[in-house]
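Inside the fold
What follows is each chain in one-letter form.
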Amino acid sequence: MPKSNIVELNKDTPSVQYLCKKCKRLAKVIEMVGPIQYTTHDEDAYTFLVHEIIEQMLSVKVGQKIYNRLEELCGGEVSPDRICAFSDEQIRGTGTSNAKVEYIRNITNAITDGTLDLETLKQLSDEEVITALTKIRGIGNWTAKMYLIFGLDRQDVLPIEDGAFLQVYRWMYKTKDCSERAVTAKCKKWKPYSSVASRFCYRALDAGMTKEEFHLFK
């Protein structure tokens, strides 16, 4: 059984205290969101990455629906062996696009032929993980960073490629400039806990907070 651990981020957590001191706007978001919990575990990296490939450029709801169909096709467990047993047509039948079927094949083949060792990824630096994963056609920086944050629980990843994150960034900083240079510069103060900050941003979005104007002192 995979080991699991529930993590709580609250005002007494050192990383949260650090972020609140460094950025008053983020501190306000953290105050609005309140404590958050998430579960870390020895993630099945293959399952996670296939899920993220499916979710690329789709809403979470639509992506999850398609993934659920793929999981059902696989008898409840999406694994390299089970994916290899199906034709492209069968996988497309879940609603997966032609391109994403190819991408799923690419990562499946990389694992089965030994090109990619998922266990080794856990020992690599963030940059090395991104390099290893993005060598596979269909996995870009966004997918690699989602894996670093939510799969490996790395603490200092800034998901500047993610539309959901940028939506919160625009709201929080009252800006339309979401260029890589601008976002990186503005969020530099979050280091070395960029992932922790991002988790609060995602929770703010999930809670619908960005639908109302951000007020720093209200």
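The sections below set out a description of the structure shown in this document. Here the structure is a predicted model, which is why all the values come from computation and not from measurement. (Residues numbered from 1 in each chain as written. Predicted model: local features only at pLDDT ≥ 70, side-chain atom pairs only at ≥ 80, totals over all residues. Heavy atoms only, no water.)

Turning to the overall build of the chain, a few remarks are in order. Secondary structure assignment for the chain yields 13 helices and 2 strands. Computed over C-alpha atoms, the radius of gyration of the chain comes to 18 Å, within 12% of the 17 Å expected from 2.2 N^0.38 for 218 residues, which places it in the range of a compact globule. The buried share of the chain, taken over its 218 residues, is 48%. For the chain, the share of sequence-separated contacts (at least 6 apart) that also reach a separation of at least 24 residues comes to 65%. Counting every atom, the chain has about 11,800 Å² of accessible surface; 50% of that belongs to carbon and sulfur. Side chains of the chain give 31 positive and 30 negative charges; the mean places of these two sets differ by 10 Å. (Helix = DSSP H or I, 4+ residues; strand = E, 2+ residues; numbered from the N terminus. Rg over C-alpha atoms; globule rule 2.2 N^0.38 Å. Buried < 20%, exposed > 50% of the residue type's maximum accessible area, 1.4 Å probe, protein only. Contact = heavy atoms within 4.5 Å. Areas by Shrake-Rupley, 256 points an atom, 1.4 Å probe, with all protein chains shown as cover. Lys, Arg positive; Asp, Glu negative; His and termini not counted. Charge placed at Lys NZ, Arg CZ, Asp CG, Glu CD.)

Before going further, it helps to spend a moment on the environment of L116. With respect to the element layout, L116 can be found in the loop between α7 (98-112) and α8 (118-121). Residue classification places L116 among the buried residues on the basis of a relative accessible area of 7%. Taking the C-alpha atoms as reference points, L116 and L70, 46 residues apart in sequence, are found 22 Å from one another. Residues contacting L116, with those up to four places away along its chain left out, are I107, A110, I111, L121, A132, L133 and I136.

A word on the packing of aromatic side chains. With the rule as written, the count across this model stands at 6 aromatic pairs. Residues Y169 and Y173 carry aromatic rings whose centres are separated by 5.1 Å and whose planes lie at 50° to one another, so their mutual orientation is tilted. Of this pair, Y169 and Y173 are both found in helix α11 (residues 163-173), 4 residues apart, which corresponds to roughly one turn of the helix. You'll find Y169 and Y173 in the same group, each marked buried. Seen in terms of ring centroids, W171 and F214 are 5.0 Å apart; in terms of plane orientation they differ by 80°. Their pairing is edge-to-face. Of this pair, W171 sits in helix α11 while F214 sits in the segment after α13 (194-206); the two residues are 43 residues apart in sequence, bridging distant segments of the chain. Residues W171 and F214 agree in their burial class; the two are buried. Over the ring of Y38 we find R199; its NZ or CZ atom is 3.5 Å from the centre of that ring. (Phe/Tyr/Trp six-rings, centres within 6.5 Å; stacked < 30°, edge-to-face > 60°. Lys NZ or Arg CZ within 6 Å of the ring centre and 35° of its normal.)

Another aspect to go through is helix α4 (residues 60-73). Look at α4: 20 Å from first C-alpha to last across 14 residues, which is about the 20 Å you get at 1.5 Å a residue. Of all the positions in α4, only G63, I66, Y67 and L70 are classed as buried. The arc that holds every buried residue of α4, seen down its axis, measures 100°, which confines them to one face. Opposite the buried face of α4, by more than 90 degrees, sit the exposed residues K61, K65 and E72. (Expected span 1.5 Å × (residues − 1). Arc of directions from axis to C-beta.)

Further remarks concern the packing of helix α1 (residues 14-22) against helix α2 (residues 24-33). Interaxial distance between α1 and α2 falls to 6 Å at its minimum, and their mutual angle equals 130°. Between α1 and α2, the interaxial angle falls into the category oblique. When α1 is examined against α2, the residues V16, L19, C20 and K22 are found in contact with a partner set consisting of K24, L26, A27 and I30. (Axes fitted to C-alpha atoms, helices over the stretch in contact; angles between N-to-C directions. Parallel < 35°, antiparallel > 145°, perpendicular 65-115°, else oblique.)

Okay, the side chain of T143 next. Mapped onto the fold, T143 is located in helix α10 (residues 141-151). A residue is classified by how much of its surface remains accessible, and T143, at 1% relative accessible area, is buried. Among residues more than four places away in sequence, those in contact with T143 are L49, E52 and Q56.

By themselves, these figures tell us nothing about what the structure is for.
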